[in-house]
Amino acid sequence: MHRYDRKLTLIERHYNAGKIVSSTTKQPMSITHHTLFAPLEPFDYGYLDVGDGHSIYYEQCGNPNGKVALFVHGGPGGGGDIAARRFFNPSHYRLVLFDQRGAGRSTPRASLEGNTTWHLVEDMELLRNKLNIKEWLVFGGSWGSTLSLAYAQTYPEVVTELILRGIFLLREQEIHWFYQSGASELYPDQWELFIEQIPVNERHDLLSAYYRRLISDDAKVKLAAAKAWSMWEGATSFLHFDPNRTKQFGAPDFAIALARIETHYFINHGFFVDENQLLKGIGLIRHIPAVIVQGRYDVVCPMRSAWELAKCWPEADFRIVGDAGHSAYEPGITHELISATESFLKQ
């Protein structure tokens, strides 16, 4: 991978009719505008007992003899997404996907017992060994970027490359921005729906107020809180508000898992010793080729964290998408992610 030089190679990309325009030159660059590969089904799937009563779902897609990549989903608690299979050329990649503890098809659903960052790191390593994989590319966005960094810093010898999107370092300032004050100024209409579940006298600490409700034994209270929490995230994930996406985030099973597991992780500070632990650990992985993709107008995971990560990691290829928010499915973000998976095939 070429060394990253901010003055020469940091280009903010704008997408228009399949062309990319450099914000520096304003001249269109004629390159392929990557879109998702065709839908595909797994050639293998199953469940892995990882202990503590948890069984995680996994699947493999693409070419059984191809370059191995691991897809790490977001949340925490978001679960797998069949569209995630489509960021990788199925003729050349052997793609492994899994649902983290309590999420997606893993069981028991929405369980918080034995569910920490470090449990998930060990689950990933257990899965690698089960599938007889020597090493793999690791691809993760949002919380998936957090977990991918934690895994790579724990097991750097088995990670060949990293592709990270929508950087989330799980620091207090990030949680405060999205769940207390910051994003609320950009989406006041959706914010009102988010806070109406919480009495005024508890709104000084919305994370704690939601956590209490999400661990409640009252099913109605739990579901109402889960839907409000989850739909707030869905409403802010795209540059252009999409009400259909927001409703999808409110599906009861999805909302319960996402909201319970997210608040569990956030109230416990990601189970990190230091909130800057992932930045301080970059020295362990600076030798690993990496691409960082960030939407400039990402409200869920603002660009500050990606910028600080790139400053700590000058070898990484840092790509800012100038007309995108948080979601991997915005055209510019999708293009950069697939461009990264394709470039690592060539290397």
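Residues numbered from 1 in each chain as written. Predicted model: local features only at pLDDT ≥ 70, side-chain atom pairs only at ≥ 80, totals over all residues. Heavy atoms only, no water.

Draft legend 1. Structural context of the overall build of the protein chain. Broken down by element type, the protein chain carries twelve helices and eleven strands. Taken against the 2.2 N^0.38 rule, which gives 20 Å for 347 residues, the C-alpha radius of gyration of the protein chain at 19 Å falls within 12% of a compact globule. Counting across all 347 residues of the protein chain, residues that qualify as buried make up 56%. Across the protein chain, every contact between residues at least 6 apart in sequence was considered, and the portion connecting residues at least 24 apart equals 73%. Of the side chains in the protein chain, 34 bear a positive and 40 a negative charge, and the two mean positions are spaced by 4 Å. (Helix = DSSP H or I, 4+ residues; strand = E, 2+ residues; numbered from the N terminus. Rg over C-alpha atoms; globule rule 2.2 N^0.38 Å. Buried < 20%, exposed > 50% of the residue type's maximum accessible area, 1.4 Å probe, protein only. Contact = heavy atoms within 4.5 Å. Lys, Arg positive; Asp, Glu negative; His and termini not counted. Charge placed at Lys NZ, Arg CZ, Asp CG, Glu CD.)

Draft legend 2. Quick peek at helix α3 (residues 143–154). Taking 1.5 Å as the rise per residue, α3 with twelve residues should run 16 Å; its terminal C-alpha atoms sit 17 Å apart, in good agreement. Counting buried positions along α3 gives eleven out of twelve residues, so the element sits mostly inside the fold. Within the span of α3, buried status applies to W143, G144, S145, T146, L147, S148, L149, A150, Y151, A152 and Q153. (Expected span 1.5 Å × (residues − 1).)

Draft legend 3. Local environment of the side chain of S216. On the secondary structure map, S216 appears in the loop between α6 (206–214) and α7 (219–235). For S216, a relative accessible area of 18% puts it in the buried group. Contacts of S216, omitting those with residues within four sequence positions, involve V221 and K222.

Draft legend 4. Seen up close, the confidence of the model for the protein chain. On average, the protein chain scores 92 in pLDDT, and the residues at 70 or more come to 91%. Counted against residues more than four places away or in other chains, residues 1–9, with its pLDDT under 50, gives 21 contacts. Confidence drops under pLDDT 50 across residues 16–30; counting only partners more than four residues distant or on other chains, this segment forms 25 contacts. (pLDDT = per-residue confidence, 0-100.)

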